[in-house]
Amino acid sequence: NYVDVPDTGDYESSILEFISGEEAVQGQLEMGDGALFGDAIQLSQRYMATVSDRMLVVVDIPRACECILYDRYLGMFGSGAGISQQLLFPDKLIMSMDDYSLLKEHIDDFRAFGFDISFCDEHTIEVLGLPADFTATPVEELVYELLDALRDQTGEGSQLRRLRVAAAMARLGSVSRMRNMGTEELKSLLDQLERCSSPSFTPSGNAVMTIFAAEEIRRRLK
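**Overview of helix α5 (residues 139-150)**
- The terminal C-alpha atoms of α5 lie 17 Å apart, and with 12 residues this matches the ideal 16 Å at 1.5 Å per residue to within 8%.
- When we look at burial in α5, the residues that qualify are Val139, Leu142, Val143, Tyr144, Leu146, Leu147, Ala149 and Leu150.

As structure tokens, this is what we get:
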């Protein structure tokens, strides 16, 4: 299982300083017929480094996970394939009338992800199961984060609304998906990223990777 990211101290700061240089390019790699990424090494629990077309690429691991999860959760809307993990102790939440009504209106979307929710009365719900990826996430936090993604969006079309919910789920799921990984795990993550609909940017527009051309590396090593 993945764990939350610890404070990595000065080493992490030095990596951040390096990858934020003016010549670093945050952009989109060209997709070819072959593999986009080569072998990878992990720089910290947040970053990995790989090569692509003779360029050094530093990848932000949680943002890469966010892209992967976003595509997965979008697919769940059509298939209803979300896996639910039943809670040993179901959690009851007392909600405002507005939140209760909003949840009830969009309960099919929640169930598509793997939520198992029972409506007890006009203010109370009982959460019996959560999406399998989120069993370590506090129930109340998860439910209200998704409701916030839906709030004030009730006039939008169903497709745009689902994009917002999938983006919120992906963001929540990515924050705890980091740990020390082996070579094969890093390569697997890069393979999944390569197949994403948008591998270079998260749903909110944050860059997933920073690219260093050979000329920039030569300049730094003078």
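**Quick look at the sheet that holds strand β5 (residues 116-119)**
- Taken in spatial order, the 3 strands make up an open sheet running β4-β6-β5, and their pairing is antiparallel. On the outer flanks of this sheet lie β4 (84-94) and β5, each paired with one strand and no other. Neighbour-to-neighbour, the strand axes of the sheet open up by a mean angle of 15°, direction not taken into account.
- The pairing of β5 with strand β6 (residues 124-131) spans 4 bridges and is antiparallel. Paired with Phe119 across the strands is Ile125, a residue of β6.
- Taken strand by strand, helix α3 (residues 97-105) contacts β5 and β6, and its axis lies near 125° from that of β5.

**Overview of the pattern of salt bridges**
- If you walk through the whole model with that rule in mind, you get 6 salt bridges.
- Notably, a salt bridge pairs Lys187 with Asp191, separated by 2.8 Å at the nearest N-O pair. Of this pair, Lys187 and Asp191 both sit in helix α7 (residues 183-194), 4 residues apart, roughly one helical turn.
- Asp191 gets classed as partly exposed once you look at its relative accessible area, which sits at 26%.
- Glu215 is the partner of Arg218 in a salt bridge, and the nearest nitrogen-oxygen pair spans 2.6 Å. Of this pair, Arg218 and Glu215 both sit in helix α8 (residues 214-220), 3 residues apart, which is roughly one turn of that helix.
- What makes Arg218 partly exposed here is its relative accessible area of 49%.
- What makes Glu215 partly exposed here is its relative accessible area of 48%.

Rules and cut-offs
Residues numbered from 1 in each chain as written. Predicted model: local features only at pLDDT ≥ 70, side-chain atom pairs only at ≥ 80, totals over all residues. Heavy atoms only, no water. Helix = DSSP H or I, 4+ residues; strand = E, 2+ residues; numbered from the N terminus. Expected span 1.5 Å × (residues − 1). Buried < 20%, exposed > 50% of the residue type's maximum accessible area, 1.4 Å probe, protein only. Pairing = 2+ DSSP bridges. Axes fitted to C-alpha atoms, helices over the stretch in contact; angles between N-to-C directions. Contact = heavy atoms within 4.5 Å. Salt bridge = Lys/Arg side-chain N within 4 Å of Asp/Glu carboxyl O.

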